[in-house]
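# Per-entry structural report
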Number of protein chains: 2
Amino acid sequence: MEKRQNYSQKREAIYRAICSSACHPSAEWLLTTLKRDYPDLSLGTVYRNIARFKEQGAVVAVAVVNGQERIDANVEPHMHFICRGCGAVLDIEGELADDASLAQIEQRYGLKVESQNLLLYGMCAECRK
Amino acid sequence: MEKRQNYSQKREAIYRAICSSACHPSAEWLLTTLKRDYPDLSLGTVYRNIARFKEQGAVVAVAVVNGQERIDANVEPHMHFICRGCGAVLDIEGELADDASLAQIEQRYGLKVESQNLLLYGMCAECRK
DNA sequence: TCCAAAACAATAATAATTATTATTTTTATT
DNA sequence: AATAAAAATAATAATTATTATTGTTTTGGA
């Protein structure tokens, strides 16, 4: 029997915030953003629910920027750009390693690839000015 | 005039350890490994020198595994595999995004790409058993 | 050898994250 | 609707990686 999972307003709000923000939020960002609607939301709750979403595969950590983990509700493999100036994390459309290449790597190194993450680093349009 | 840079046995030992280890070490690993030969080496010194190597471009941070930053003295762009089981970081030969693709991304998003890092996640040969 | 700059160890301070505990919310059942 | 067990939470404490500070030692030129 699987574990029962009760409904929680806050969990839903956290997940919605992750989905509806394009910024790939950190725990801190989620807390301050959601404080407006849920004044008694605590950071522990944000971390606990992020951990749960990760376990379920509903979100994925895409990068650590300035020591803070940034997450994405778009779990389809895609690139990210990280700005050295402002720390922004942007989605980038484009190809990743294809299945054939991954299969070749798996064979060659005897390992099993479960996911991939291509990060580009540099300066975003804003910060270049 | 450029900044004077005195010689330091420990700095050299730290750099050599990074170069000669295939494990993409963390600060912690470097400390414990080098303690044998330099019993009064301190963690602060390890961090300070890693920071300097990064500024100089002599090493690059390739991943954060279990909260610890892992570094590589091979600054040529190449893939890495990260084992979900044991946290190992392995070098993987293979193509990254080529200059043409990057130029296209730069144009499309108005940004400047300075480096890239492709991470594969999964289970290494050892941990699969 | 003498001196100033650089590097260091030891220690304290930060900052992100995780764990604990007592309270509140949810939900199934009466 | 009332009740009680399970789950979720806030508040708080504890951990852990990293950075900053300070006083001492090392380095290398004069």
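Worth saying up front: this structure is predicted, and the values here are computed from it rather than measured. (Residues numbered from 1 in each chain as written. Chains lettered and ligands numbered in written order. Predicted model: local features only at pLDDT ≥ 70, side-chain atom pairs only at ≥ 80, totals over all residues. Heavy atoms only, no water.)

### A word on the overall build of chain A
Summing up its helical and strand segments, chain A has five helices and five strands in all. Along the longest, intermediate and shortest principal axes, the C-alpha atoms of chain A span 55 × 50 × 20 Å. The burial tally for chain A puts 40% of its 129 residues in the buried class. Once local pairs closer than 6 in sequence are excluded, the contacts in chain A between residues at least 24 apart make up 47%. If you sum the accessible surface of chain A, you get close to 7,900 Å²; carbon and sulfur atoms cover 49% of it. (Helix = DSSP H or I, 4+ residues; strand = E, 2+ residues; numbered from the N terminus. Buried < 20%, exposed > 50% of the residue type's maximum accessible area, 1.4 Å probe, protein only. Contact = heavy atoms within 4.5 Å. Areas by Shrake-Rupley, 256 points an atom, 1.4 Å probe, with all protein chains shown as cover.)

### Thoughts on the interface of chain B and chain A
Facing 29 residues of chain B, the contacting portion of chain A comprises 29 residues. Both sides together, the interface formed by chain B and chain A hides about 2,500 Å², and carbon and sulfur atoms give 57% of it. When residues of chain B are sorted by the area they lose upon contact with chain A, Y109, L111 and Y121 of chain B head the list and together hold 19% of the total. Linking chain B with chain A are four salt bridges, by the criterion used here. The residue R108 of chain A makes a salt bridge to E93 of chain B at a minimum N-O spacing of 3.1 Å. At the boundary of chain B with chain A, the tally comes to 18 residue pairs in polar contact (both at pLDDT 80 or more). (Buried area = accessible area lost by both parts, 1.4 Å probe. Salt bridge = Lys/Arg side-chain N within 4 Å of Asp/Glu carboxyl O. Polar contact = N/O pair within 3.5 Å; in protein donor to acceptor, adjacent residues only side chain to side chain.)

### Description of the relation of the copies chain B and chain A
Of the two same-sequence chains, chain B is brought onto chain A (RMSD 0.1 Å, axial shift 0.0 Å) by a rotation of 179°. Taken together, the turn and the small shift mark the pair as related by a two-fold rotation axis. Scanning chain B for the C-alpha nearest the rotation axis identifies L118 of chain B, at a separation of 2.1 Å. (Least-squares fit on C-alpha atoms with pLDDT ≥ 70 in both.)

### Overview of unusual backbone geometry
Residues and elements named next belong to chain A. Not every positive phi belongs to a glycine, and N66 is a case in point at roughly 50°. In this fold, N66 is placed in the loop between β1 (60-65) and β2 (68-72). A residue is classified by how much of its surface remains accessible, and N66, at 72% relative accessible area, is exposed.

### Quick look at the domain arrangement of chain A
Residue and element names in this part refer to chain A. Entries for chain A in the domain assignment read domain 1 (1-75) and domain 2 (76-129). The centre of domain 1, based on its C-alpha atoms, is set 22 Å off from the matching centre of domain 2. Listed by partner, the interface residues are ten residues for domain 1 and twelve residues for domain 2. Interface area, domain 1 with domain 2, both sides summed: about 790 Å², of which 52% is carbon and sulfur. (Domains from an automatic or database assignment.)

### Section: the side chain of Q116 of chain A
Following the sequence through the fold, Q116 of chain A ends up in strand β5 (residues 112-123). Of note is the side chain of Q116 of chain A, whose polar atom sits 2.9 Å from the backbone oxygen of A97 of chain A. Those residues within four positions of Q116 of chain A in sequence are excluded, and the remaining contacts are L96, A97 and L102 of chain A together with L118, L119 and L120 of chain B.

### Some thoughts on the protein's contact with DNA strand C
Taken together, 21 residues lie around DNA strand C, and Y47 of chain A together with S8, R11, D40 and T45 of chain B are the ones closest in. The backbone of Y7 of chain A places a nitrogen or oxygen atom 3.0 Å from a phosphate oxygen of DNA strand C. Among the elements of the structure, α3 (43-56) and β2 of chain A together with α1 (9-20) and α3 (43-56) of chain B are those that each provide at least two residues to the surface near DNA strand C. (Near = heavy atom within 4 Å.)

### So, the sheet that holds strand β4 (residues 89-92) of chain A
Here six strands make up an open sheet; going across it, the order is β4(A)-β3(A)-β5(A)-β5(B)-β3(B)-β4(B) and the pairing mixed. Two strands bound the open sheet, and with one partner strand each, they are β4 of chain A together with β4 (89-92) of chain B. Within this sheet the neighbouring strands show an average axis-to-axis angle of 30°, counted without direction. Two elements, strand β3 (residues 79-83) of chain B and β4 of chain B, share four bridges in a ladder whose sense is antiparallel. Directly across from F81 of chain B, in β4 of chain B, lies its bridge partner L90 of chain B. Each of β5 of chain A together with β3, β4 and β5 (112-123) of chain B is contacted by helix α4 (residues 99-109) of chain A, which is oriented at about 115° to β5 of chain A, the strand it contacts most. Sheet strands touched by helix α4 (residues 99-109) of chain B: β3 (79-83), β4 and β5 of chain A together with β5 of chain B. Its angle to β5 of chain B, the strand with the most contacts, is close to 115°. (Pairing = 2+ DSSP bridges. Axes fitted to C-alpha atoms, helices over the stretch in contact; angles between N-to-C directions.)

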